[in-house]
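# An overview of the molecular structure
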Amino acid sequence: MRKTVRIKRYNPEKDDAPWWGEYELEVDPTDRVLDALHMVKWYKDGTLTLRRSCAMGICGSDAMRINGKNKLACKTLLKDLPDVITVEPMLGLPVIKDLVVDMEPFMAQYRSVMPWLINETAPPPTERKQSIAEREIFDDTTKCILCACCTTSCPSFWANGEYVGPMAVVQAHRFIFDSRDHGAAQRLAILNDPDGVWRCRTIFNCTKACPREIEITRAIGEVKKALIFSRI
């Protein structure tokens, strides 16, 4: 089948403003948007720049805006899209070139919530054990692949880049509710800020955008509830 792929292009070294490149492609129904982008780069215009790695929906590196919605290019089938497909870089992060955005502001928010296990007690002879019920409390938020689909779909983040964003709250949730971790109070203090969890307006864009189907808005609500009932 034939598809027209419209890609938002921008090379800061020579372009004064972004422009749209339009490419006609002959594709198979089971091809993905990533396959279409490869066709453009390999056979149409080698200057096209995109970011990708595993191409299996695990690394999250090929997140982009496809027909107005954040998706992973490697998981989006062409047969599920109209004849004209628009592809853009994610919103809210600086564009380096074409579909590649600067992820450093996003990763800085990730680091800000201390996304690692905090436990100063002596390690036991084996692993630090927890029950199935204890694991279930935060199991959903362990699925995050740091693709940025949630944060860059959030109007609060578009309006204020200082907002810690849905991803950072998800990463904090994963440790706040981990029975083996002792750093919940520190993370809650970080999120108890005008640019922290309270800037969430419960719009649900983040939950809809998540390729791992994490219930992000629910997790944010649980962190808010923890703050309300804590001594922070």
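In what follows, the structure referred to is the one given above.
These remarks concern the structure in this document. Bear in mind that the values here come from a model prediction, so they are computed numbers and not experimental data. (Residues numbered from 1 in each chain as written. Predicted model: local features only at pLDDT ≥ 70, side-chain atom pairs only at ≥ 80, totals over all residues. Heavy atoms only, no water.)

Below, the discussion takes up the overall build of the protein. For the protein, the helix and strand inventory stands at 8 helices and 7 strands. Reported as C-alpha extents along the three principal axes, the dimensions of the protein are approximately 60 × 35 × 30 Å. Out of the 232 residues belonging to the protein, those deemed buried represent 47%. For the protein, contacts bridging at least 24 residues in sequence account for 63% of all contacts bridging at least 6. Split by element, the accessible area of the protein, about 11,900 Å² in all, is 53% carbon and sulfur. For the protein, the centre of its 33 positive side-chain charges and the centre of its 31 negative side-chain charges are spaced 2 Å apart. (Helix = DSSP H or I, 4+ residues; strand = E, 2+ residues; numbered from the N terminus. Buried < 20%, exposed > 50% of the residue type's maximum accessible area, 1.4 Å probe, protein only. Contact = heavy atoms within 4.5 Å. Areas by Shrake-Rupley, 256 points an atom, 1.4 Å probe, with all protein chains shown as cover. Lys, Arg positive; Asp, Glu negative; His and termini not counted. Charge placed at Lys NZ, Arg CZ, Asp CG, Glu CD.)

It is worth spelling out the sheet that holds strand E2 (residues 19–26) at this point. A sheet is described by the order of its strands in space; here 5 strands give the open sequence E2-E1-E5-E3-E4, paired in mixed fashion. The sheet is open, and its two edges are formed by E2 and strand E4 (69–72), each paired on a single side. Within this sheet the neighbouring strands show an average axis-to-axis angle of 35°, counted without direction. Strand direction decides the pairing type here: strand E3 (residues 63–66) and E4, joined by 4 bridges, are antiparallel. Residue pairing for E4: Ala63 is matched across the bridge by Leu72. (Pairing = 2+ DSSP bridges. Axes fitted to C-alpha atoms, helices over the stretch in contact; angles between N-to-C directions.)

This model, assessed by the stated rule, comprises 0 aromatic pairs. Sitting over the ring of Phe175, Arg174 keeps its end group 4.1 Å from the ring centre. (Phe/Tyr/Trp six-rings, centres within 6.5 Å; stacked < 30°, edge-to-face > 60°. Lys NZ or Arg CZ within 6 Å of the ring centre and 35° of its normal.)

Here the focus is the pattern of salt bridges. Should the charged atoms of two oppositely charged side chains come close, the side chains can pair. All told, the structure shown has 16 salt bridges when counted by the stated rule. Asp140 is the partner of Arg218 in a salt bridge, and the nearest nitrogen-oxygen pair spans 3.4 Å. Highlighted residues: Arg218 in helix H8 (residues 216–228) and Asp140 in the loop between helix H3 (132–136) and helix H4 (155–159), separated in sequence by 78 residues. Between Arg218 and Glu222 there is a salt bridge whose closest N-O contact spans 2.5 Å. (Salt bridge = Lys/Arg side-chain N within 4 Å of Asp/Glu carboxyl O.)

Counted residue by residue, strand E5 (residues 84–88) has 4 buried out of 5 residues, so it is predominantly covered. Across 4 bridges, strand E1 (residues 2–9) lies against E5 in parallel orientation. Residue Arg6 lies in a different strand from E5, and its bridge partner there is Thr86. Pairing geometry for E3 and E5, over 2 bridges, is antiparallel. Paired with Arg65 across the two strands is Glu88, which belongs to E5.

A few words now on the environment of Trp158. Mapped onto the elements of the fold, Trp158 is located in helix H4. Residue class for Trp158 comes out partly exposed when judged on its relative accessible area of 38%. With residues up to four places along the chain from it excluded, the contact list for Trp158 reads Arg65, Leu91, Gly92, Thr152 and Ser153.

Take the packing of helix H5 (residues 165–176) against helix H6 (residues 184–191) next. Two elements in contact, H5 and H6, have axes whose closest approach is 9 Å; the angle formed by their N-to-C orientations is 155°. By the angle between their directions, the pair H5 and H6 is classed as roughly antiparallel. Here the hand of the crossing between H5 and H6 comes out left-handed. Mapping the contact onto sequence places Val169, Ala172, Phe175 and Ile176 in H5 and Ala184, Arg187, Leu188 and Leu191 in H6. (Parallel < 35°, antiparallel > 145°, perpendicular 65-115°, else oblique. Left-handed = near helix turned anticlockwise from the far one by under 90°.)

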